[in-house]
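A closer look at the structure
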Amino acid sequence: MSKLVIVESPAKAKTIQKYLGDGYTVVASMGHVRDLPKSRLSVKVNDNFKPQYSIIKGKEKLVEDLKKKAAKSDSVLLATDPDREGEAISWHLAYILGLDVNDTNRVTFNEITHTGIKNGMENPRTIDMDLVNAQQARRILDRLVGYKLSPFLSQKIRRGLSGGRVQSVAVRIIVDREEEIKAFKPEEYWSIDGKFVPAKGTSRRQFIASLYGLAGQKGKLKIENKEQADAILDELKDADYVVTSIKKGTRRKSPAPPFITSTLQQEASRRLGFTARRTMAAAQELYEGIEIEGMGAVGLITYMRTDSLRLSEDAIQAASAYIQERWGDKYLPDKPRHYKAKANAQDGHEAIRPTVPSLDPEKIKSSLSNDQYKLYKLIWERFLACQMSNCLQATTRAEITAGDKYLFKASGYTVTFDGYTVLYEERKDDGEKESSGLLPPLEKDMPLRCKEITGNQHFTQPPARYTEASLIKALEENGIGRPSTYATTISTILNREYVVREGKALKPTELGEVVTKLMKERFPKVVNVKFTAQVENELDEVQNGKVEWVQAVHDFYDDFAEALKKAKEEMKDVKIHLKEDETDIICEKCGRRMVIKTGRYGKFIACPGYPECKNIKKYVEKNGAKCPKCGGDVVIKHTKKGRIFYGCENYPKCDFVSWDEPTEKLCPRCGKTLLRKKGKNPRYYCVTPDCGYEHLGDDFSDEEQQAPEEETKA
């Protein structure tokens, strides 16, 4: 007989089995085994929200196998993930297998390495019921809101809609930003820039300085229109330019802290173009263990669901040793760096870091998938950089007087020591720019020669739409949801068509705006950012053992139930219609404009005169391009797994089909259709295999957008 160890995934089981060896049998539960059934509410609201759990459909055989293995084992250890969900899975397993929750049968691994597993096995504990109750409270709240709010939204707006405690707030944040953009009124302003070189000396390096204000006066000069700019430019034509002030200094740039879940998702979005879901999928694989050539199964990173910045002393020492060996002593700070997490951070785990800091990504690249390699490299570089010395920059700020009236300013820097930037530097969000530029040697009272001076028209810009990275940042800063749920939240609001992607930007649809408007009017607390954050804080208090989970659910649900009851009564006969549901198709039976509806099997086109007129048609989504084979319209289709492909509307008469999107653009060589291959850098190529024409990016010159003359004549 041996000890049975239950984890969540087969990959993790395989890695742990290698380390534990004989005497242990490691098996996977394949995630949750018991949950609230989908077919009904499964929560007794009037009985202190008592949940009615059952074995998840399709997992009956797995549960029976686990029971048989447990019965044949000396003991059972529950080694699911070290977070709320993992604790809840262990609790459900204990119930199913008849284990005593007061026994020390719970083990956790912060990293799937020999050291991490050894530490976990040497420190078994009882199941943490505070963690379990926090998960139960969240699960029950989300079930109550989802199962009671979703039917209401579906009835009043469109079939198949859903509402959620976190997803509805996320949509509101995106919708509110869109309203800011629509309400924004651009204002004109002008700037004046000059190109200067020292009038004397050996340096002829050109630099740019910008008009700041009036000499001897504080405050920036506002130039509101072309007339004002032209008047100032006239005065500057024959002015003498002199450096009147020089300030030199040293700037120390410190490295960013190691990753937590949210910052990993943000940086992977900015730098790699990964969605949050893609990031977490690759991170899960890196944590659970990957077969590395010459090493076997190895967990490459620590647990990826964490909001703690804590690092183990062993990891810091290993990083320092690697940095010293590869780059030398000068790349190490005077003392190891420790980072402080936010006040409400859970400190159960370390920050996300490589388990073996000396394991260079290039050494194991051949054993990793493309996504695994990119993400591991990002985590490895960020962690090592956080233990490296500062980047040192010599800064120069110069003030230049034009005559006795106008003041120009210029600033720049040179890197005197690269420090951590030799390896890694954090990316900025879209729209955030860091000033940079080299200045020639400048001295006080040095005369300058103005080579060119120009006025530049600008308009104030509206706030940018949210990207996945900036939305995750906003959710985290406002205390909405947990970092581990962000990927699911974003996927849900995209799948429900409340939001669409335009490039990297997230734009609300009319559906998203209408749902949010209804939620604001009828359920203001559900979509109130501050209130939702308070709920999250209360769930944290449940986890800390300070609040009973039933009380936490009451605090949210009682007001919600009252609001729902009132909304149902007052909107009894109300149906909200969307403009985006209308089509240009006229019903041939009654003459009405037909609309898009959603049924059990997807979208279809129907007459709005139902039940008087029951005319319906098949819904076909066109992409605007013409079939390169027969000239028919190209339609968007979906595989059973939801993957998009493109085909001709005249199928089966025309058999054209493509994974890559046909476009309205024509090949400048042969005049045939260009296909667009999606990706970080889109690629257009000719549908004719022998043509060979390709174009990178979405920008086309006028010449490239014209078909060949022969094709045009034809």
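Residues numbered from 1 in each chain as written. Predicted model: local features only at pLDDT ≥ 70, side-chain atom pairs only at ≥ 80, totals over all residues. Heavy atoms only, no water.

Where an unreviewed UniProt entry is consulted, the chain appears under the name DNA topoisomerase 1, with the organism given as Caproicibacterium lactatifermentans. We quote the UniProt Subunit (unreviewed entry) comment for the chain here in full: "Monomer." In its Catalytic activity (unreviewed entry) section, the UniProt entry covering the chain states "ATP-independent breakage of single-stranded DNA, followed by passage and rejoining." (UniProt positions renumbered as here; feature names shortened; annotations may be inferred.)

What about the side chain of E476?
Secondary-structure assignment places E476 in helix α13 (residues 468-477). A polar side-chain atom of E476 sits 2.6 Å from a polar atom in the side chain of S262. Residues contacting E476, with those up to four places away along its chain left out, are I260, S262, Q266, K342 and Y486. (Helix = DSSP H or I, 4+ residues; strand = E, 2+ residues; numbered from the N terminus. Polar contact = N/O pair within 3.5 Å; in protein donor to acceptor, adjacent residues only side chain to side chain. Contact = heavy atoms within 4.5 Å.)

Quick notes on the side chain of S168
As for its placement among the helices and strands, S168 is situated in helix α6 (residues 167-183). With residues near it in sequence (within four places) discarded, S168 still touches G163, M519 and V527.

A look at the packing of α6 against helix α14 (residues 486-495)
Relative to each other, α6 and α14 sit at 70 degrees, their axes nearing to 9 Å. It follows that α6 is roughly perpendicular to α14 by the angle criterion. Note that α6 runs across α14; the crossing there is right-handed. Contacts between α6 and α14 involve Q167, A170, V171 and I174 from the first element and T489, T492 and I493 from the second. (Axes fitted to C-alpha atoms, helices over the stretch in contact; angles between N-to-C directions. Parallel < 35°, antiparallel > 145°, perpendicular 65-115°, else oblique. Left-handed = near helix turned anticlockwise from the far one by under 90°.)

Thoughts on the nonpolar core
Ranked by internal contacts, the top residues of the largest apolar core, which has 137 residues, are L300 and L375. Here the element with the most residues in this core is helix α5 (residues 129-156); it accounts for 10 residues. Not counting the four nearest positions on each side in its chain, L375 is found in contact with L264, A268, L272, T279, A282, A283 and L286. In this structure, F196, F207, A209 and A398 belong to the second largest nonpolar core, which totals 23 residues. (Core = buried A, V, L, I, M, F, W, Y, C linked by side-chain atoms within 4.5 Å. Buried < 20%, exposed > 50% of the residue type's maximum accessible area, 1.4 Å probe, protein only.)

A few points about the pattern of salt bridges
Counted under the stated rule, the structure contains 48 salt bridges. For K507, the salt bridge goes to E502, with nearest N and O atoms at 3.6 Å. E502 gets classed as partly exposed once you look at its relative accessible area, which sits at 41%. In this structure, the salt-bridge partner of E570 is R522, at a minimum N-O distance of 2.4 Å. With a gap of 48 residues between them, E570 in helix α17 (residues 549-570) and R522 in helix α15 (residues 510-522) connect regions that are remote in the sequence. (Salt bridge = Lys/Arg side-chain N within 4 Å of Asp/Glu carboxyl O.)

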